[in-house]
Amino acid sequence: MNESGLAVCEKTILNYFNQSFTFGSLFILADQEEEKRIVCEIKVVNEGLGQISFVPLGEDELLFNEGETVYFINETNNISFKTTALKNHNKSWLTLAMPEEVKLLNLRQSERLILGEEVLDTPAKITSYGEDGVRALMENNGDCMDISETGAAFEIKASRIDGYYKGDHVELNISQKYSFLSNIRGKVVHKTLANMMDKENRKYRIGIKFNKSLNLSLVQQA
């Protein structure tokens, strides 16, 4: 798994946590040895103080000490952070300093390609079959942001999307020119709102992991 630390601006990190709070995203909080490992959700994002607070999803206690380094990763296991515990509120509410660095984990082992309109359908069609994968529930048009042998990322313009949840089955039709880029089956690994503040031009980003790996050599040679 490829890993890279990115020094991003404070505003970018703050926006990420505000979006995560809006979506109710889950995080795993742990110590360095992972002896403490607890699933949590965001309680408060305090921009003024540069702090973020978490509460446990279940009845587990937050056994982190003030001043201790806390590591946490998002529910899709592709973004991680570490920071310092500032205050433990009766083991049920933990306040942390806003992290200064983001680590991105590349969940796709193969090279990501950005393909042009000479290959891709514009837009591509993304059909959701829900968690049971039996019948088509919805279809949306989307732009393919990148593709690899094991997955692809799409951007969908819509005011609201009630489907494409993590684990949902989908079918993709990306290109009429290349038959192996049609009727691709896969599963959703993440869905995020790309521009939460722009309500008139909402964009969602969907990450798909293919059920079977693709051979993209023909596309690369074209």
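Right above here is the structure, for reference.
Definitions and cut-offs
Residues numbered from 1 in each chain as written. Predicted model: local features only at pLDDT ≥ 70, side-chain atom pairs only at ≥ 80, totals over all residues. Heavy atoms only, no water. Salt bridge = Lys/Arg side-chain N within 4 Å of Asp/Glu carboxyl O. Helix = DSSP H or I, 4+ residues; strand = E, 2+ residues; numbered from the N terminus. Buried < 20%, exposed > 50% of the residue type's maximum accessible area, 1.4 Å probe, protein only. Contact = heavy atoms within 4.5 Å. Polar contact = N/O pair within 3.5 Å; in protein donor to acceptor, adjacent residues only side chain to side chain. Pairing = 2+ DSSP bridges. Axes fitted to C-alpha atoms, helices over the stretch in contact; angles between N-to-C directions. Core = buried A, V, L, I, M, F, W, Y, C linked by side-chain atoms within 4.5 Å.

1. Observations regarding the pattern of salt bridges
- Throughout the structure, instances matching the rule amount to four salt bridges.
- As a salt-bridge pair, arginine 185 and glutamate 171 come within 3.2 Å of each other at their nearest N and O atoms. You can see arginine 185 sitting in strand E13 (residues 184-193) and its partner glutamate 171 sitting in strand E12 (residues 169-173), a full 14 residues away along the chain.
- Overall, glutamate 171 belongs to the buried group, its relative accessible area being 14%.
- Taken together, the salt bridges that share partners define one network made up of Glu155, Lys203 and Arg205.

2. Here's the deal with the environment of asparagine 88
- Checked against the element boundaries, asparagine 88 lands in strand E6 (residues 79-88).
- Residue asparagine 88 is classed as buried on the basis of its relative accessible area, which comes to 17%.
- Apart from residues lying up to four places away in sequence, asparagine 88 is in contact with Leu62, Phe64, Glu66, Trp93 and Leu94.
- There is a polar contact of 2.7 Å between the side chain of asparagine 88 and the backbone oxygen of phenylalanine 64.
- From its side chain, asparagine 88 meets the backbone nitrogen of lysine 91 in a polar contact 2.8 Å long.

3. Focus: the sheet that holds E12
- Strand order around the closed barrel formed by six strands is E9-E10-E11-E14-E13-E12, with antiparallel pairing between neighbours. Neighbour-to-neighbour, the strand axes of the sheet open up by a mean angle of 45 degrees, direction not taken into account.
- Sheet topology places strand E9 (residues 124-130) next to E12; five bridges connect them, and they run antiparallel. What sits directly across from threonine 127, in E12, is glutamate 171.

4. Overview of the nonpolar core
- By size, the foremost hydrophobic cluster in this structure holds 29 residues, and its most contacted members are Ile147, Phe154, Leu172 and Leu181.
- Broken down by element, the residue count for this core peaks at four residues, all from strand E14 (residues 203-210).
- Contact partners of phenylalanine 154, with chain neighbours within four places excluded, come to Ala124, Ile126, Asp143, Cys144, Met145, Leu172, Ile174, Tyr204, Arg205, Ile206 and Ile208.
- Counting 22 residues, the second largest nonpolar core, distinct from the first, contains Phe17, Phe27, Phe64 and Val102.

5. Remarks on the side chain of serine 20
- Note on placement: serine 20 falls in helix H1 (residues 10-23).
- A relative accessible area of 5% means that serine 20 is categorised as buried.
- Among all residues touching serine 20, those that are not within four sequence positions of it are Ser25, Phe27 and Ile42.

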